[in-house]
Amino acid sequence: MLINAIRYTPCGGKITVEIEDRVADRNALFARVSVIDTGIGIPAERLPHLFDRFYRLDEARSRHTGGTGLGLSIVHHFVRAHGGFIRVASQPDEGTIFTEYLPK
């Protein structure tokens, strides 16, 4: 998530990482990690595919910045394997927030 924020946030943009130890959600306690950027954002119709293996939001940009389209899929599987979940919120030209919740 952090690598993508770096790749897709232009110079002068901002990337913030927030970590919270005890978050109550779904009647359980989680550690919450959020990566918030002011990058290019993601169109709403693309959000459901972000965690698909080999999915790239922008093929041309991916060739330039690198990446295989596996990173978010690996993160998603890791978080789910540990009983957690991920939420994504994004607006084109405004940025993206990836938040992962890992059970305590």
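Structural data are supplied above this passage.
A. Just the nonpolar core, in detail. Formed by M1, A5, V35, I42, L50, F51, L72, V79, I86 and F98, the largest nonpolar core amounts to ten residues. Setting aside its immediate chain neighbours within four residues, L72 contacts M1, N4, L50, F51 and F98.

B. Spotlight on the environment of I19. Take I19: it is sitting in strand β1 (residues 15-25). With 83 residues separating them in the primary sequence, I19 and L102 have C-alpha atoms 11 Å apart. Not counting residues up to four positions away in its chain, the partners in contact with I19 are R32 and V33.

C. Just the sheet that holds strand β4 (residues 95-103), in detail. Taken in spatial order, the four strands line up as β1-β2-β4-β3 in an open sheet, and their pairing is antiparallel. At either margin of the open sheet sits one strand with a lone partner, and together these are β1 and β3 (85-91). When the angles between neighbouring strand axes are averaged without regard to direction, this sheet yields 15°. In this structure, strand β2 (residues 28-37) lies alongside β4, joined through eight bridges in antiparallel fashion. By the bridge assignment for β4, S34 is matched with T99. Strands in contact with helix α3 (residues 71-81) are β3 and β4; relative to β4, the strand with the most contacts, it is inclined by about 30°.

What counts as what
- Residues numbered from 1 in each chain as written.
- Predicted model: local features only at pLDDT ≥ 70, side-chain atom pairs only at ≥ 80, totals over all residues.
- Heavy atoms only, no water.
- Core = buried A, V, L, I, M, F, W, Y, C linked by side-chain atoms within 4.5 Å.
- Buried < 20%, exposed > 50% of the residue type's maximum accessible area, 1.4 Å probe, protein only.
- Contact = heavy atoms within 4.5 Å.
- Helix = DSSP H or I, 4+ residues; strand = E, 2+ residues; numbered from the N terminus.
- Pairing = 2+ DSSP bridges.
- Axes fitted to C-alpha atoms, helices over the stretch in contact; angles between N-to-C directions.

None of the figures reported here should be taken as evidence of function without further support.
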